[in-house]
Amino acid sequence: MEKIELKNAKLMGGIGAILPLVASVFIRRGFGLSFIFSVASIILILMALNEISKKVQKPDIFSNYLTGFILQLINYFVMLIFAVVGGFALIFSFANGFMGGMRGFGFGMILVLLVIYVLFVVSYYYIKKSFDAISDSLSNQHFKTAGMLLYYGSILLIVFGLGAILMFVGEIFEIIGFFSLPDEIEIGAPSEPQG
């Protein structure tokens, strides 16, 4: 049986998970500061998951989360491109008349929103897979709950805020999951469930 230390991963992941909530509660006007908190958050979480995946020898913990994160980045670029191109298209389409412009813009907007929604849900599916692997490896059910709530919240986001509530609760469970990790665990022996 080998003892592995998780203290650093616990601290980095916990702080990384709590930063977006702190930023959303305390930072109202400072977009730059909020952006810095978001970048710091993702870096800390990725470092924590990389360390956990190496120490428990389950590379899918890190790779699944990274895949979900990359899909979210792609999604943000799709939204940005849509905002810029869609704005210009709307302006130039009015040359065909107001109704013609609105019809063309409306169809394109529905298509792009569908792509954004699908990418969003698939990204959280990979995050759920990562959290499920952590839960199984470290016997910490908080991660399984967090992954489930984040994934189903992403699906239900279109239902009048219900998904946003589920995702918020999922983020709380993510924080609890990181901070409830033991400082060290023995690999090769069954660990005690953490809740």
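The following paragraphs examine the structure supplied in this document.

Quick notes on the rules
Residues numbered from 1 in each chain as written. Predicted model: local features only at pLDDT ≥ 70, side-chain atom pairs only at ≥ 80, totals over all residues. Heavy atoms only, no water. Helix = DSSP H or I, 4+ residues; strand = E, 2+ residues; numbered from the N terminus. Buried < 20%, exposed > 50% of the residue type's maximum accessible area, 1.4 Å probe, protein only. Areas by Shrake-Rupley, 256 points an atom, 1.4 Å probe, with all protein chains shown as cover. Salt bridge = Lys/Arg side-chain N within 4 Å of Asp/Glu carboxyl O. 1 Å grid on protein atoms, 1.4 Å probe; cavity = no way out; pocket = protein on both sides within 12 Å on 5 of 7 lines; lining within 4 Å. Points joined across faces, edges and corners; volume = space filled by probe spheres on them. Nonpolar A, V, L, I, M, F, W, Y, C, P; charged D, E, K, R; others polar. Polar contact = N/O pair within 3.5 Å; in protein donor to acceptor, adjacent residues only side chain to side chain. Contact = heavy atoms within 4.5 Å. Phe/Tyr/Trp six-rings, centres within 6.5 Å; stacked < 30°, edge-to-face > 60°.

## Topic: the overall build of the protein chain
1) Next: Secondary structure assignment for the protein chain yields six helices and two strands.
2) Next: In sequence order, the secondary structure elements of the protein chain are arranged as β-α-α-α-α-α-α-β.
3) Next: Taken over 195 residues, the protein chain has a buried fraction of 35%.
4) Next: Accessible surface computed for the protein chain: about 11300 Å², of which carbon and sulfur atoms make up 73%.

## A look at the pattern of salt bridges
1) Next: Summed over the entire model, instances satisfying the criterion amount to six salt bridges.
2) Next: Of the charged contacts in the structure, one is a salt bridge between lysine 3 and glutamate 184, with a shortest N-O distance of 3.5 Å. Placement of lysine 3 in strand β1 (residues 2–5) and of glutamate 184 in strand β2 (residues 184–187) is noted, with a sequence separation of 181 residues between them.
3) Next: Take lysine 3: its relative accessible area is 52%, and that puts it in the exposed class.
4) Next: A relative accessible area of 44% places glutamate 184 in the partly exposed class.
5) Next: Of the charged contacts, one joins lysine 128 and aspartate 132 as a salt bridge, the two residues approaching to 2.9 Å between their closest N and O atoms.

## What about the layout of surface pockets?
In this approach, a probe sized like a water molecule rolls over the atoms, and the result shows the empty space that is left.
1) Next: Put simply, the largest pocket is a space of about 970 Å³.
2) Next: For the lining of the largest pocket, the elements supplying multiple residues, two or more each, are α1 (7–26), α2 (31–55), α3 (59–93), α4 (98–138) and α6 (162–179).
3) Next: Residue contributions to the lining of the largest pocket peak at eight residues, all from α2.
4) Next: The residue inventory of the lining of the largest pocket, partitioned by class, reads 18 nonpolar, five polar and two charged.

## Considerations on the side chain of serine 137
1) Next: Summarising the element assignment, serine 137 is placed in helix α4.
2) Next: A polar contact is formed between the side chain of serine 137 and the backbone oxygen of alanine 133, at a distance of 2.8 Å.
3) Next: Once residues lying within four places of it in the same chain are set aside, the contact partners of serine 137 are Val56, Lys58 and Ile61.

## Quick word on the packing of aromatic side chains
1) Next: Taken as a whole and judged by the stated rule, the model has seven aromatic pairs.
2) Next: Aromatic side chains phenylalanine 120 and tyrosine 124 sit 5.1 Å apart centroid to centroid with 65° between the ring planes, which places their arrangement in the edge-to-face category. A residue pair is termed a helical-turn pair when its members lie 3 or 4 positions apart in one helix, as phenylalanine 120 and tyrosine 124 do in helix α4 at four residues.
3) Next: For tyrosine 124, a relative accessible area of 12% corresponds to the buried category.
4) Next: Consider the rings of phenylalanine 143 and phenylalanine 178, whose centres lie 5.0 Å apart with planes at 90°: the pair is edge-to-face. Of this pair, phenylalanine 143 sits in helix α5 (residues 141–155) while phenylalanine 178 sits in helix α6; the two residues are 35 residues apart in sequence, bridging distant segments of the chain.

## Here we look at the environment of leucine 181
1) Next: Examined against the element boundaries, leucine 181 turns out to sit in the loop between α6 and β2.
2) Next: Look past the residues within four positions of leucine 181 in its chain and what remains in contact with it is Lys10, Ile52, Leu138, Asn140 and Phe143.

## Description of unusual backbone geometry
1) Next: Even without a glycine there, the phi angle at glutamine 57 is positive, about 60°.
2) Next: With a phi angle near 50°, serine 139 is a residue other than glycine that sits in the positive phi range.
3) Next: Residue placement: serine 139 occurs in the loop between α4 and α5.

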